[in-house]
Amino acid sequence: MPIFQVIILAIVQGLAELLPVSSSAHVVVAEKLLGLDPSSPPMTLLLVMLHTGTMFAVIVYFWSQWKRTYFSSSDAFKRFAIRAIWASILTAVIGYPIIEIIQKTAFAGATKGEIESLFGRLDLVAPALTAAGILILIAGLIEKRRMGAHEQVYGDSVTMRQAGWIGAVQGLCLPFRGFSRSGATISTGMLTGASKDRAERFSFALAVILTPAAIGKEALRLLKATHEAAASGTPIDLHSSVIASLLGMVFAFLAGMVALKWLSSWLEQGRWYLFGIYCLVASAVVFYLHYGPRHL
């Protein structure tokens, strides 16, 4: 893969993964426009490294805030841990059964690769972008009306009820590409009464918990593809892809840091709703890319 394509994907992943605009939707569109095969081993390796880069960006950016809130005392950490576990359980209980149901009904008889391809269809990504945009827009407009009421920036964690709702909505994000995880979870936190900074901190703490599992899943898929290729007599040489993937990780990290600063700034300034408008516009663009001028 040419270096310029690696850098483009890294920047798209780094920005869209952490902004509330759905990284999966943007990466799917970028892959199609660049003519890349998302199921190929080199692409799988690259995606693993890009996710790793954005995960480290989250840790570096939020570490000082997390120390002041979640790690300030043993009691504070216990409260956070209980809420994070509760939210993660709801994510798993809601998200993975939905994935299994979709695979066994709508995609019955399809292979894993075919299912992966179907989940990336633009006509399915666009409605998810629309749903995320509406949710972000509603939360942003309601929050804009509350701008006069300022809360303590470094308060306690979210409540159990708020954590439960955030975890449940995060579960809905797992099966549907285009339904932004950060956008949906932060908006849900705001709609359930959490201050925007608490919702943001907790949402990205959950992301750090969830990301290693996603990276592990991609890594296992890569190992399986490598073993199958070796068994068929056509071994895959990924050595040439390692350097490019490491470069992509660095660019994803840098883009992620920019995205987080941008997101926090717009949250503080009451501009969250603008991300919702962007998702709605992006949804229209994705619909257009799928159907094309010949169908309009």
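In what follows, the accompanying structure is described. Remember, it's a predicted structure, so these values are computed and weren't measured experimentally.

Focus on the nonpolar core
Here is step 1 of the chain: Core analysis: the largest hydrophobic core is formed by 44 residues, its most contacted members being Val58, Phe202, Phe204 and Trp272.
Here is step 2 of the chain: Setting aside anything within four residues of it in sequence, one finds Trp272 in contact with Pro20, Ile136, Ala139, Gly140, Ser182, Gly183, Ile186, Ser187, Met190, Leu263, Trp266 and Leu267.
Here is step 3 of the chain: Within the second largest apolar cluster, 12 residues are counted, among which are Ala10, Ala30, Met43 and Ala252.

Here we look at the packing of aromatic side chains
Here is step 1 of the chain: A complete count under the given rule lists 12 aromatic pairs for this structure.
Here is step 2 of the chain: Between Phe62 and Trp66, the ring centres sit 5.7 Å apart and the planes meet at 15°, which makes this aromatic pair stacked. Taken together, the residues span about one helical turn, with Phe62 and Trp66 both in helix H3 (residues 41–69) at a distance of four residues.
Here is step 3 of the chain: The exposure class assigned to Phe62 is buried, which follows from its relative accessible area of 0%.
Here is step 4 of the chain: Take Trp66: its relative accessible area is 6%, and that puts it in the buried class.
Here is step 5 of the chain: Relative to Phe71, the ring of Trp63 lies with its centre 5.5 Å away and its plane at 40°, an arrangement referred to as tilted.
Here is step 6 of the chain: Of the residues examined, Phe71 reaches a relative accessible area of 38% and is grouped as partly exposed.
Here is step 7 of the chain: An aromatic cluster of three or more residues is present, and its members are Trp63, Tyr70, Phe71, Phe77, Phe80 and Phe202.

Digging into the packing of helix H1 (residues 3–18) against helix H2 (residues 23–34)
Here is step 1 of the chain: Where H1 meets H2, the closest approach of the two axes is 8 Å, and the angle between their N-to-C directions is 160°. One way to sum up the angle between H1 and H2 is to call them roughly antiparallel. The element H1 and its partner H2 pack so that their crossing is right-handed. Each of Gln5, Ile8, Leu9, Val12, Gln13, Ala16 and Glu17 in H1 lies in contact with H2, whose residues at this interface are Ser23, His26, Val27, Ala30, Glu31 and Leu34.
Here is step 2 of the chain: A breakdown of the residues in the contact of H1 with H2 according to their chemical character gives seven nonpolar, four polar and two charged.

Describing the pattern of salt bridges
Here is step 1 of the chain: All chains considered together, the criterion is met by two salt bridges.
Here is step 2 of the chain: Among the salt bridges present, the one from Glu143 reaches Lys196, with a minimum N-O distance of 3.5 Å. Remark: Lys196 occurs in helix H9 (residues 196–231) and Glu143 occurs in helix H6 (residues 122–145); sequence separation between them is 53 residues. For the pair Glu143 and Lys196, one class covers both residues: buried.

Here's the deal with a nonpolar patch on the surface
Here is step 1 of the chain: A contiguous nonpolar patch, built from Leu33, Ile277, Val281, Val285, Tyr288 and Leu289 and spanning about 550 Å² of accessible area, is present on the exposed surface.
Here is step 2 of the chain: When residues of the nonpolar patch are assigned to their parent elements, the largest contribution, five residues, is made by helix H11 (residues 272–291).
Here is step 3 of the chain: Note that Val285 resides in helix H11.

Quick notes on the environment of Ala132
Here is step 1 of the chain: Secondary-structure assignment places Ala132 in helix H6.
Here is step 2 of the chain: Ala132 sits in the buried class, given a relative accessible area of 2%.
Here is step 3 of the chain: As a C-alpha pair, Ala132 and Gly276 span 144 residues in sequence and 7.1 Å in three-dimensional space.
Here is step 4 of the chain: Dropping the residues within four chain positions of it, Ala132 is found in contact with Gly178, Phe179 and Ser180.

Digging into the environment of Ser245
Here is step 1 of the chain: Along the chain, the position of Ser245 falls in helix H10 (residues 239–268).
Here is step 2 of the chain: As for Ser245 and Leu50, which are separated by 195 residues in sequence, their C-alpha atoms are 7.5 Å apart.
Here is step 3 of the chain: Setting aside residues no more than four positions away along its own chain, Ser245 makes contact with Leu45, Leu46 and Met49.

Topic: the packing of helix H7 (residues 160–173) against helix H8 (residues 181–191)
Here is step 1 of the chain: Axis separation between H7 and H8 bottoms out at 9 Å; the angle between their running directions is 155°. Between H7 and H8, the crossing angle belongs to the class labelled roughly antiparallel. Pair H7 / H8 crosses with right-handed handedness. Two secondary-structure elements touch here, H7 through Trp165, Ile166, Val169, Gln170 and Cys173 and H8 through Arg181, Ala184, Thr185, Thr188 and Gly189.

Criteria and thresholds
What you see as residue numbers is a count from 1 along each chain, following the sequence as written. Only residues with pLDDT of at least 70 are given local features in this predicted model, and only at 80 or more are side-chain atom pairs given and counted; all residues enter the totals for whole chains, interfaces and linings. Computation of side-chain values: all heavy atoms of the structure, hydrogens and water removed. To form a nonpolar core, buried Ala, Val, Leu, Ile, Met, Phe, Trp, Tyr and Cys residues must be joined to one another through side-chain atoms within 4.5 Å. Classification of residues uses two cut-offs on accessible area relative to the type maximum, computed with a 1.4 Å probe and protein chains only: under 20% is buried, over 50% is exposed, and between them is partly exposed. In this analysis, two residues are considered to be in contact whenever any of their non-hydrogen atoms come within 4.5 Å of each other. Two rings from Phe, Tyr or Trp (for Trp, the six-membered ring) form a pair when their centres are within 6.5 Å of each other. A pair whose planes differ by under 30 degrees is stacked, one over 60 is edge-to-face, and the rest are tilted. The helix and strand labels rest on DSSP assignments: H or I over at least four residues marks a helix, E over at least two residues marks a strand, and numbering proceeds from the N terminus. Axes here mean lines fitted to C-alpha atoms, for a helix over just the part in contact, with angles spanning 0 to 180 degrees between N-to-C directions. Orientation is classified from the angle alone, with under 35 degrees giving roughly parallel, over 145 giving roughly antiparallel, 65 to 115 giving roughly perpendicular, and any other angle giving oblique. Put simply, a crossing is left-handed when the front helix is turned counterclockwise from the back one by less than a right angle, and right-handed when it is turned clockwise. In this classification, the charged set is Asp, Glu, Lys and Arg, the nonpolar set is Ala, Val, Leu, Ile, Met, Phe, Trp, Tyr, Cys and Pro, and all remaining amino acids, among them Gly, are polar. Salt bridges, as used here, are contacts in which a Lys or Arg side-chain nitrogen is within 4 Å of a carboxyl oxygen on Asp or Glu. Note on patches: the residues involved have over 30% relative accessible area and no salt bridge, like charges join within 9 Å, and the nonpolar side chains Val, Leu, Ile, Met, Phe, Trp and Tyr join within 5 Å. Note that accessible areas follow from Shrake-Rupley with a 1.4 Å probe, and for residues the cover is restricted to the protein chains shown.

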